[in-house]
Amino acid sequence: MTKTLSQKTILLNPGHVSLDQWEDIYRGASAELDESSGYIAKVKASADTVARIVQKGEPVYGINTGFGKLANVRIEAQDLETLQRNIVLSHAAGVGEAMPVSVTRLMMALKLASLAQGASGIRLATLNLLAQMLQRNVIPVVPAQGSVGASGDLAPLSHMTAVMLGVGEVHGDDGKPVPAAQALQAAGLAPVVLGPKEGLALLNGTQFSTANALAGLFEAQRLFQTALVTGALSTDAAKGSDAPFDPRIHALRKHQGQIDTADALRSLLVGSIIRQSHLQGDERVQDPYCLRCQPQVMGACLDVLRSAANMLVTEANGVSDNPLIFPGVDGAADASLSGGNFHAEPVAFAADMIAMTVCEIGSIAERRIAMLVDPALSGLPAFLTPKPGLNSGFMIPQVTAAALVSENKQRAYPASVDSIPTSANQEDHVSMAAHGARRLLPMVENAMAVIAIEWLAAAQGCDFHAPLASSTTLEAARAMLRQQVPHLSDDRHFHPDIQSAIRLVHEGAVLQQLNGVVLPSVWA
């Protein structure tokens, strides 16, 4: 029997985890480190290196010194455990609503895979506690605001780490927060006393930003693919032409995303009787851009999403805390090197790219809705109602879509171009990756609602062409919607219809009814 995601376990090979595996974890799969990867020996070697550095007594940043602007302050050996506890508790200064549990779990898995590469100086027992928390569903309550994306995602990762100390709160099964110490005890786990370097290793890194960006990417792929289906259905609803999807056009321009998108749109429309009905005698010469330029707009979105995916899978498999530990080999000395891998600029750029694509996917879909409700452009009854005037039909759903698109336009402003100095100007340039990535899920929520409204409008438009039918694939999509939302003959309470369509888009339901049509993927 095939496992559901909640039953599935992903074996993490540190540094070599695929986007499909990260998505499975985001969607509920369990995760544990793959012992065959050899991570245990690497982690032990790294921890032993830290122990040797401590024994020498020389000042080394992050091990026996203060942090940030206080890096020049030497900490005595008897205070090293207190130092690590203090940095966690003092840095757990986030505010705002808690991260979604699915994103927090992903963040924990990302941190686990990063630490297991053996460059962070953490002990195996401490690493195992984080792993057991993830496996036993001890998920910290992590306030979502407070990181500027350098020096790492300090505040949110500190809230995660505080739970390992028995401090803070954990998401309860009933949705209510549970004290960390109580949750650990209930799970058969004990709080850890952090050793040298461990607190800094746990709270330094880009895992909060990366988890949010990956969540946005995963949902953006579902959004993109669903929008191809609703866009094709709108094309038939407006009796648009499929000539603009001819492969010869797109081969000349050579953009792969454009070529793949045109192929998908063409495949979705194959066999449409509606399309065949106006191949001859149609006085219209060209369709509006929202139909005709779908391959160019959506194809560009696909190329940008693919680029963002490549950046994020690299980041997800990297090590981004500081300093990094390099055990001495072949006579070389042990080394603790302080650099800047915690700076989340790559994640910030990727998040900005995803934000722009989400905005554009919603924007062109809203234009298709506006086209469908306008009889001068679509040839359909005004506002897609049989009795315009007495009924308002799709008048206000189009307004709702317009409002959502404009909200996303404001949110799409690049976060990466902003910076504000922190830590008394020691950290004088930051990435803003955290809120750049955190905005993505709300943006996708907005865009999915736009796509849901388009689905409703396009299905309604095709209803007016009966008995003519669209393609087998698009009729399956229309039938799925009609199981939840009947044809709109007269005005009724519209909100439940929209919510039903949104739920189906969220679930990716239409993507399960493609009848062999393969839609382009954001990643291989």
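That block above? That's the structure.
A few points on the structure. (Residues numbered from 1 in each chain as written. Predicted model: local features only at pLDDT ≥ 70, side-chain atom pairs only at ≥ 80, totals over all residues. Heavy atoms only, no water.)

**As for the pairing of strand E2 (residues 30-33)**
So, step 1. In the sheet, strand E1 (residues 9-12) pairs with E2 via 4 bridges, with the strands oriented parallel. Note that in E2 the partner of Ile 10 across the bridge is Ala 31.
So, step 2. Traced from E1 through helix H1 (residues 19-26) to E2, the parallel crossover comes out right-handed. (Pairing = 2+ DSSP bridges. Helix = DSSP H or I, 4+ residues; strand = E, 2+ residues; numbered from the N terminus. Right-handed = clockwise from strand over helix to strand, strands pointing away.)

**Here we look at the nonpolar core**
So, step 1. In this structure, Leu 12, Trp 22, Leu 214 and Leu 217 are the most contacted members of the largest nonpolar core, which totals 156 residues.
So, step 2. Counting residues per element, this core draws most heavily on helix H19 (residues 440-463), which supplies 17 residues.
So, step 3. Excluding residues that lie within four positions of it along the chain, Leu 12 makes contacts with Val 17, Trp 22, Ile 25, Ala 31, Glu 32, Leu 33, Asp 34, Ala 109 and Leu 112. (Core = buried A, V, L, I, M, F, W, Y, C linked by side-chain atoms within 4.5 Å. Buried < 20%, exposed > 50% of the residue type's maximum accessible area, 1.4 Å probe, protein only. Contact = heavy atoms within 4.5 Å.)

**Comments concerning the layout of surface pockets**
So, step 1. Of the pockets and cavities examined, the largest pocket occupies roughly 520 Å³.
So, step 2. Lining of the largest pocket is provided by 30 residues; of these, Gly 68, Ser 151, Leu 154, Ser 423 and Glu 427 occupy positions nearest its centre.
So, step 3. Broken down by secondary-structure element, the contributors of at least two residues to the lining of the largest pocket are helix H3 (80-91), helix H6 (154-164) and helix H8 (198-203).
So, step 4. Residues of the lining of the largest pocket, tallied by class, amount to 12 nonpolar, 15 polar and 3 charged. (1 Å grid on protein atoms, 1.4 Å probe; cavity = no way out; pocket = protein on both sides within 12 Å on 5 of 7 lines; lining within 4 Å. Points joined across faces, edges and corners; volume = space filled by probe spheres on them. Nonpolar A, V, L, I, M, F, W, Y, C, P; charged D, E, K, R; others polar.)

**A short note on helix H4 (residues 101-115)**
So, step 1. Between its first and last C-alpha, H4 extends 21 Å over 15 residues, near the 21 Å set by a 1.5 Å rise per residue.
So, step 2. With 13 of its 15 residues buried, H4 lies for the most part within the structure. (Expected span 1.5 Å × (residues − 1).)

**Focus: a nonpolar patch on the surface**
So, step 1. On the surface, Met 395, Ile 396 and Val 399 cluster together into a nonpolar patch covering about 240 Å² of accessible area.
So, step 2. Considering the arrangement of structural elements, one finds Met 395 in helix H17 (residues 395-411). (Patch = residues over 30% accessible without salt bridge, like charges linked within 9 Å, V, L, I, M, F, W, Y side chains within 5 Å. Areas by Shrake-Rupley, 256 points an atom, 1.4 Å probe, with all protein chains shown as cover. Salt bridge = Lys/Arg side-chain N within 4 Å of Asp/Glu carboxyl O.)

**Considering the packing of aromatic side chains**
So, step 1. One pass over the structure, following the stated rule, counts 3 aromatic pairs.
So, step 2. For the pair Tyr 26 and Phe 218, a centre-to-centre distance of 5.8 Å together with 40° between the ring planes defines the contact as tilted. You can see Tyr 26 sitting in helix H1 and its partner Phe 218 sitting in helix H9 (residues 207-237), a full 192 residues away along the chain. Considered together, Tyr 26 and Phe 218 belong to a single accessibility category, that of buried residues.
So, step 3. A centroid spacing of 5.0 Å and a plane angle of 80° characterise the contact between Phe 394 and Phe 494, whose relative ring orientation is edge-to-face. Remark: Phe 494 occurs in the loop between helix H20 (472-484) and helix H21 (495-507) and Phe 394 occurs in the loop between helix H16 (375-378) and H17; sequence separation between them is 100 residues.
So, step 4. For Phe 394, a relative accessible area of 3% translates into the label buried. (Phe/Tyr/Trp six-rings, centres within 6.5 Å; stacked < 30°, edge-to-face > 60°.)

**What to know about unusual backbone geometry**
So, step 1. A cis amide bond, omega 5°, links Ala 150 with the succeeding residue Ser 151.
So, step 2. Positionally, Ser 151 belongs in the loop between strand E4 (143-145) and H6.
So, step 3. For the bond running from Asn 322 to Pro 323, omega is -5°, close enough to zero to count as cis.
So, step 4. Along the chain, Pro 323 falls in the loop between helix H14 (294-316) and strand E7 (324-326).
So, step 5. Even without glycine at this site, Lys 197 takes up a positive phi of about 80°.

**Observations concerning H17**
So, step 1. Look at H17: 25 Å from first C-alpha to last across 17 residues, which is about the 24 Å you get at 1.5 Å a residue.
So, step 2. Of all the positions in H17, only Pro 397, Gln 398, Ala 401, Leu 404, Val 405 and Asn 408 are classed as buried. In an axial view of H17, the angular spread of the buried residues amounts to 120°, which keeps them on one side of the axis.
So, step 3. Elements in contact with the buried residues of H17: helix H15 (345-373), H19 and H21. (Arc of directions from axis to C-beta.)

**Quick notes on the pattern of salt bridges**
So, step 1. Applying the stated criterion across every chain, the model contains 21 salt bridges.
So, step 2. We note a salt bridge from Arg 27 to Glu 219, for which the minimum N-O separation is 3.1 Å. Of this pair, Arg 27 sits in the loop between H1 and E2 while Glu 219 is found in helix H9, placing the two residues 192 residues apart along the sequence.
So, step 3. Here Arg 478 and Asp 463 are joined by a salt bridge, their closest N and O atoms 2.3 Å apart. Highlighted residues: Arg 478 in helix H20 and Asp 463 in helix H19, separated in sequence by 15 residues.
So, step 4. Residue classification places Asp 463 among the buried residues on the basis of a relative accessible area of 18%.

**Focus on the side chain of Arg 439**
So, step 1. Its place among the elements puts Arg 439 in the loop between helix H18 (433-438) and H19.
So, step 2. Among the polar contacts listed, one links the side chain of Arg 439 to the backbone oxygen of Gly 436, at a separation of 2.6 Å.
So, step 3. Dropping the residues within four chain positions of it, Arg 439 is found in contact with Ala 351, Asp 352, Ala 355, Arg 411, Ala 412, Tyr 413 and Ala 415. (Polar contact = N/O pair within 3.5 Å; in protein donor to acceptor, adjacent residues only side chain to side chain.)

**Re the environment of Pro 421**
So, step 1. Residue placement: Pro 421 occurs in the loop between H17 and H18.
So, step 2. Separated by 273 residues in sequence, Pro 421 and Val 148 place their C-alpha atoms 9.5 Å apart.
So, step 3. For Pro 421, the residues in contact, after removing those within four places along its chain, are Glu 427 and Asp 428.

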